[in-house]
Amino acid sequence: MLIARGLSPDAFSASPFFTADIREVVLTQLEGPAMVIDLWRPGHGLQRLDRS
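Every chain's residues receive numbers from 1 upward, in the order its sequence appears when written. Two thresholds apply to this predicted model, a pLDDT of at least 70 for residue-level local features and 80 or more for giving and counting side-chain atom pairs, whereas whole-chain, interface and lining totals are computed over all residues. The basis for the side-chain values is all heavy atoms of the structure; hydrogens and waters are excluded.

Undergrad: Before we go on, may I ask you to explain the side chain of Asp38 in this structure?
TA: Each helix is a run of H or I in the DSSP string that is no shorter than four residues. Each strand is a run of E no shorter than two, and both are numbered from the N terminus. With respect to the helices, strands and loops of the structure, Asp38 is situated in strand β2 (residues 34-41). Throughout, exposure labels follow a simple rule: accessible area from a 1.4 Å probe, protein chains only, divided by the maximum for the residue type, with under 20% read as buried, over 50% as exposed, and the rest as partly exposed. Taking the relative accessible area as the measure of exposure, Asp38 reaches 11% and is therefore buried. Polar contact is defined as a pair of N or O atoms within 3.5 Å, subject to the rule that within protein one atom must be able to donate a hydrogen and the other to accept it, and that residues adjacent in sequence are counted only when both atoms are side-chain atoms. Engagement of the side chain of Asp38 in a polar contact is seen with the side chain of Arg48, the distance being 2.7 Å. Aside from chain neighbours lying at most four places away, what touches Asp38 is Val25, Val26, Leu27, Gln29, Leu46, Gln47 and Arg48. A contact between two residues is defined here by any heavy atoms of the two lying within 4.5 Å.

Undergrad: Hey, could you run me through the pairing of β2 in this one?
TA: Moving residue by residue along a regular strand, the side chains alternate between the two faces of the sheet. In short, DSSP must find at least two bridges between two strands for them to pair. In terms of strand pairing, strand β1 (residues 25-31) meets β2 through seven bridges, oriented antiparallel. Following the sheet pairing, Val25 is matched in β2 by Trp40. Linking two consecutive strands that pair antiparallel, namely β1 and β2, is a turn of two residues; a positive phi of about 65° is found at Gly32 within it. The pairing of β2 with strand β3 (residues 45-51) spans seven bridges and is classified as antiparallel. Looking at β3, one finds that Met35 is bridged to Arg51.

Right, here's the structure in full:
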């Protein structure tokens, strides 16, 4: 049973309830003159790539 903040899925019966299968998260930002890419994948942890 999935519990979100102490509530069971039955507490959401009036709302759509779904599961997200996230395989990758990417955050791209500028830090001064460089582009910085933070990449996360399950089992691989967080990687930071710096493109100057």
